[in-house]
Amino acid sequence: MKVEIAPEYGHFINGRFVAPQSGEHFESINPATEETLSRLANGSGADVDGAVVAARKAFKRWSRCRAQERAGYLFRIARRIQERARELAVLETVDCGKPIRESRDVDLPLVAQHFFHHAGWCDKLAWAFPGRSPEPLGVCAQVIPWNFPLLMAAWKIAPAIACGNTVVLKPAETTSLTALRLAEILQEVELPPGVVNIITGDGETGRALTEHADVDKVAFTGSTEVGKRIAAACAPTRKRLTLELGGKSPNIIFADAAIDQAVEGVVAGIFFNQGEVCCAGSRVLIEESVLEEVVEKLKRRMKNLRLGDPLDKNTDVGAINSKRQLETIQRYLEIGASEAAKRFDTNCPLPSRGYWCRPTLFTGVQPAATIAREEIFGPVVCTMSFRTAEEAVERANNTNYGLSAGVWTQKGSKALWMARQLKAGVVWCNTFNEFDAASPFGGWKESGFGREGGRAGLLAYLQ
Ligand code: NAD
Ligand code: MN
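Below or above, wherever it landed, is the structure these notes cover. (Residues numbered from 1 in each chain as written. Chains lettered and ligands numbered in written order. Predicted model: local features only at pLDDT ≥ 70, side-chain atom pairs only at ≥ 80, totals over all residues. Heavy atoms only, no water.)

**As for the site of ligand 1**
Moving on, step 1. In the neighbourhood of ligand 1, 30 residues make up the surrounding shell, with Trp-146, Glu-173, Ser-223, Leu-245 and Glu-375 lying closest.
Moving on, step 2. Contacts to ligand 1 include Arg-207, whose backbone N or O atom sits 3.5 Å from a nitrogen atom.
Moving on, step 3. Here ligand 1, which alone exposes 840 Å², has 91% of that area covered by the protein.
Moving on, step 4. Looking at the shell around ligand 1, the elements with two or more residues in it are helix 8 (203–210), strand 9 (217–221) and helix 9 (224–234).
Moving on, step 5. Top contributing element to the shell around ligand 1 by residue count: helix 8, with four residues.
Moving on, step 6. Partitioned by chemical class, the residues of the shell around ligand 1 number 14 nonpolar, eight polar and eight charged. (Near = heavy atom within 4 Å. Polar contact = N/O pair within 3.5 Å; in protein donor to acceptor, adjacent residues only side chain to side chain. Areas by Shrake-Rupley, 256 points an atom, 1.4 Å probe, with all protein chains shown as cover. Helix = DSSP H or I, 4+ residues; strand = E, 2+ residues; numbered from the N terminus. Nonpolar A, V, L, I, M, F, W, Y, C, P; charged D, E, K, R; others polar.)

In C-alpha cells form, the structure reads like this:
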C-alpha cells in the first residue's frame, strides 16, 4: 500500500494546520532506510502558547458538552481509525521502524479499541464514581515517546477528552507522522476546534509545553530522567501530573512451567518492537533446574527471528528508531561484554543502510551488573537463575523500577502468590505484553505514577 506523505507539515492548532511561527522545520526519517519522509514544524514557545490558548478557549464549551455528544465524537474517531487502519499501520512502520505485522495486528487494533473504550465511559462517569460529580481538570499537556507513537497518542487523548478536558499533545520528534494523520481524522469527524491540538518539536518544545503557566495537567510518557525533571518543574505549580517512565521488568520461569510456551513468552517479552518497550521483559529469571534447557531453546528460537525490512510482513525484528537510540544500545552491548557475561547473538546479516541491532542474549549475569540494572531499550536480554520462589521474588524486586513482571508456572496458587509479592504495576501470568484498554497500566517506584486505561485511568483526568 502506498501512503501519501506531504513534504511538509505544520502544527495542528484550533482545528487547522498552521505553519510554525519561527518558520523552522526539522526532518523525520525512515530509520530502516535513512530516507527523509517529511519536514515537520519546529514548535517554539509562541506556537505552544497559541495551542494552549486554543485549548483553553475550547475547554469552556467542551467541558459542558453533553456526555452523549462527546461519546459520539470518540466513537466516530474510533471508526475512522479502523477505516484508515492499513494506511496508519504503514505510516507508523516507515516512520518508526517497527515490523508491519506489529503495527497492523497490535498497535492499530489497540488504538481503535482505546477510543471505543473511552467513548463508552463518557456518559457513565457519574456511575463510575458514585457520590461525586466528575469534573474535568482543564487543559492537558501531553508528551509522548517514539516507541508506540499512535498508541501512546490514543492512550493520552482518549481518556482526557472523554472526561471533558482539552489537550495539547507533543509527539516525539522522530515519530510525529501518525499523530498528524490523526489530526486529519479529527477534522474529518468535525471535532470542535481546539479540543485536541498537536505541536511537533523536540525536548525544548516539550519543556515549553509542560512548563506553560496555563496548563492544568501534565501527562508524560518517556525516560525516567526527563520525567524527574518535569516533576521538579511541576512541583511549585498548580499542575496535576502523571508519569509513565522506564522499566527493567523480570520475566520469571519456574521449572513447572510449560517450557516451550515460556520461551515464546521470553521472545515476545524482549523482541517485540525491537525491545523498545517500557515494560519489556529484559531480565529473565530461570529456576536453576531448567536453566540450561530454557537458554538452549531460547538461542534456537532467536536464530529463527527474521531481521530486516519492516514493511515485509514476515519480518520479526525491524529497525532501531534512531541513530541515538542505536548508539545507546551499542554502549550497553560493550558494557555487557566487559561485565564478563557470556554473549550470544543471532549473527544475521544487517542491511547496509538504517539502524539495526541483532537480537542479543547475555547469560550468567550477576544481579549487580549494569546490564541487569539499567534499562537498555533494545533487543537485548539477560538471564539469571534462582532456586526458590522467595529468591525469585527477591531478585525480581531488586530494581528501582516496577512497571511489569511475567510469571510462568502451571500452578495457579504459585502464580497468584507471586503476583502478590511482585512490586510491579502489571503482572502477566503465562503470557507477556498483553494490553487491553479496560486494564490499568502504570508503574511502581521509578517507573512512575498514575494509571492509563480502564476506570483507574479516568482518575488521572478528573478533579
Ligand atoms: P525522552 O524522555 O527523551 O523523550 C520522550 C518525550 O519527551 C519526547 O517527546 C521528547 O521530545 C520529550 N522531552 C524530552 N525532553 C523533555 C523535557 N525536558 N521536557 C518535556 N519533554 C521532553 O525519552 P526517549 O529516550 O525519547 O524515549 C525512551 C524512553 O521512554 C525509555 O527510557 C522508556 O522507558 C521510556 N518509555 C516509557 C513508557 C511507559 O509507558 N512507561 C513508554 C515508552 C517509553
Ligand atoms: Mn521517523
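**Thoughts on the packing of aromatic side chains**
Moving on, step 1. Evaluated as defined, the whole model comprises 11 aromatic pairs.
Moving on, step 2. On the numbers, 5.7 Å between centres and 55° between planes, the contact of Trp-62 with Tyr-73 is tilted. Of this pair, Trp-62 sits in helix 1 (residues 45–62) while Tyr-73 sits in helix 2 (residues 67–83), and the two are 11 residues apart along the sequence.
Moving on, step 3. We classify Tyr-73 as buried; its relative accessible area is 12%.
Moving on, step 4. Where Trp-155 meets Phe-441, the ring centres are 5.2 Å apart and the plane angle is 65°; that geometry is what we call edge-to-face. A residue pair is termed long-range when its members are at least 10 positions apart, and Trp-155 in helix 6 (residues 149–162) and Phe-441 in the loop between strand 17 (426–429) and strand 18 (448–449) qualify at 286 residues.
Moving on, step 5. Three or more aromatic residues link up through ring pairs in this structure, and these residues are Trp-155, Trp-428, Phe-432, Phe-435 and Phe-441. (Phe/Tyr/Trp six-rings, centres within 6.5 Å; stacked < 30°, edge-to-face > 60°. Buried < 20%, exposed > 50% of the residue type's maximum accessible area, 1.4 Å probe, protein only.)

**Here's the deal with helix 7 (residues 177–188)**
Moving on, step 1. Here helix 7 is 12 residues long and its end C-alpha atoms lie 17 Å apart, about the 16 Å a rise of 1.5 Å per residue gives.
Moving on, step 2. Of all 12 residues making up helix 7, nine are buried, and the element is well covered by its neighbours.
Moving on, step 3. At the C-terminal side of helix 7, Glu-190 shows a positive phi close to 60°. (Expected span 1.5 Å × (residues − 1).)

**Thoughts on the pattern of salt bridges**
Moving on, step 1. What the rule picks out here adds up to 33 salt bridges.
Moving on, step 2. A salt bridge links Arg-39 to Glu-8; the nearest nitrogen and oxygen atoms lie 3.6 Å apart. With Arg-39 in strand 5 (residues 35–41) and Glu-8 in strand 1 (residues 8–9), this residue pair connects regions lying 31 residues apart in the sequence.
Moving on, step 3. The exposure class assigned to Glu-8 is partly exposed, which follows from its relative accessible area of 43%.
Moving on, step 4. Within the structure, one salt-bridge network assembled from shared partners comprises Arg-79, Arg-80, Glu-83, Arg-84, Glu-87, Arg-181, Glu-184 and Glu-188. (Salt bridge = Lys/Arg side-chain N within 4 Å of Asp/Glu carboxyl O.)

Any link to function would need more than the numbers given here.
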